[in-house]
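# Summary of the model geometry
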Amino acid sequence: GNSVTQMEGPVTLSEEAFLTINCTYTATGYPSLFWYVQYPGEGLQLLLKATKADDKGSNKGFEATYRKETTSFHLEKGSVQVSDSAVYFCALTGGNNRKLIWGLGTSLAVNP
Amino acid sequence: GAVVSQHPSWVICKSGTSVKIECRSLDFQATTMFWYRQFPKQSLMLMATSNEGSKATYEQGVEKDKFLINHASLTLSTLTVTSAHPEDSSFYICSVLEGGGPYNEQFFGPGTRLTVL
């Protein structure tokens, strides 16, 4: 079945550091891939998405590229800010299956 | 995207009582909503798919008689935790499915924190 594997946290960085959160997936067919973010005390928000191979999703300085050959969708940001401190979830939906398959989440703490 | 609200945002109840959580789609008519449960420092667990005008579809291992879901209108789905016990304490999140194609997006409510004493 479909699954998402996400690097374990917590990740602690200093402000302006480079961020990578790894995400790999197993899926049949051609899934859509998502990164969601959950800020402290808030609900989940879609950060970015990609719906086909080689698509790059981007938002708020974050990027992730849909790599079918490596079945990956790693999240990157060149310079993190304290306000990026949150939990990040990688997820996928497969084909006409509307259910989201979630990774376990990666907690990011950015220190000033 | 769709704006989703949940009520209440937190609730504390005594063991054995029932608690109703509302999920409203404020600007979108949602035929499909999802209910999740999130444990501390863990991922989301899909509990059920709520379909407007029909019975909810429950995930394996989720007791449908304990977690009653009603999706009576295109803007409201409710989750009732019946005879709640301390192990039901959790963060419950709903989402609205926007779009009918393969590139569906879900928009999430802010969640409801349930504490059962």
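Below is a summary of the structure that appears in this document.

Analysis parameters
- Residues numbered from 1 in each chain as written.
- Chains lettered and ligands numbered in written order.
- Predicted model: local features only at pLDDT ≥ 70, side-chain atom pairs only at ≥ 80, totals over all residues.
- Heavy atoms only, no water.
- Helix = DSSP H or I, 4+ residues; strand = E, 2+ residues; numbered from the N terminus.
- Rg over C-alpha atoms; globule rule 2.2 N^0.38 Å.
- Buried < 20%, exposed > 50% of the residue type's maximum accessible area, 1.4 Å probe, protein only.
- Contact = heavy atoms within 4.5 Å.
- Areas by Shrake-Rupley, 256 points an atom, 1.4 Å probe, with all protein chains shown as cover.
- Pairing = 2+ DSSP bridges.
- Axes fitted to C-alpha atoms, helices over the stretch in contact; angles between N-to-C directions.
- Disulfide = S-S within 2.5 Å.
- Polar contact = N/O pair within 3.5 Å; in protein donor to acceptor, adjacent residues only side chain to side chain.

### Describing the overall build of chain B
Per the secondary structure count, chain B includes zero helices and eleven strands. What you see in chain B, going N to C, is helices and strands ordered as β-β-β-β-β-β-β-β-β-β-β. In summary, chain B has a C-alpha radius of gyration of 13 Å against a globular reference of 13 Å for 117 residues, a match within 12%. Overall size of chain B, expressed as C-alpha extent along the three principal axes, is 40 × 25 × 25 Å. Among the 117 residues that make up chain B, the fraction classed as buried is 50%. A fraction of 54% describes how many contacts in chain B between residues 6 or more apart in sequence connect residues 24 or more apart. As presented, chain B carries roughly 5700 Å² of accessible surface, and 53% of it is formed by carbon and sulfur atoms.

### A look at unusual backbone geometry
Residues apart from glycine generally show negative phi values, whereas peptide bonds are mostly found in trans. Look at the link from Gly9(A) to Pro10(A): it is a cis peptide, with omega at -5 degrees. For Lys60(A), which is not glycine, the phi dihedral falls at a positive 55 degrees.

### Structural notes on the sheet that holds strand β8 (residues 62–65) of chain A
All names here are of chain A. Pairing within the open sheet is antiparallel, and its four strands lie in the order β3-β9-β8-β7. One side of each edge strand has no neighbouring strand; the edge strands of this open sheet are β3 (19–21) and β7 (56–59). Sheet twist, expressed as the mean angle between neighbouring strand axes with direction ignored, is 15 degrees. Bridge count for β3 against strand β9 (residues 75–77) is three bridges, and the pairing is antiparallel. Paired with Ile21 across the two strands is Leu75, which belongs to β9.

### Quick notes on the state of the cysteines
Linking two cysteines covalently through their sulfur atoms gives a disulfide. For the structure on display, the rule yields two disulfides over all chains. Two residues share a disulfide in this structure: Cys23(A) and Cys90(A), whose sulfurs sit 1.9 Å from each other. Taking the torsion about the S-S bond as the criterion, the Cys23(A) to Cys90(A) disulfide, at about -70 degrees, is left-handed. One end of the pair, Cys23(A), is in strand β4 (residues 23–26); the other, Cys90(A), is in strand β10 (residues 86–94), with 67 residues separating them in the sequence. With respect to class, Cys23(A) is no different from Cys90(A); both count as buried. Two residues, Cys23(B) and Cys94(B), share a disulfide whose sulfurs are 2.0 Å apart. Taking the torsion about the sulfur-sulfur bond, which here is approximately 80 degrees, the covalent link between Cys23(B) and Cys94(B) counts as right-handed. Of this pair, Cys23(B) sits in strand β3 (residues 19–25) while Cys94(B) sits in strand β9 (residues 90–98), and the two are 71 residues apart along the sequence. Here Cys23(B) matches Cys94(B) in class, with each residue buried.

### What about the environment of Trp35(A)?
Residue and element names in this part refer to chain A. Inspection of the secondary structure assignment puts Trp35 in strand β5 (residues 31–38). A residue is classified by how much of its surface remains accessible, and Trp35, at 0% relative accessible area, is buried. Engagement of the side chain of Trp35 in a polar contact is seen with the backbone oxygen of Phe73, the distance being 2.8 Å.

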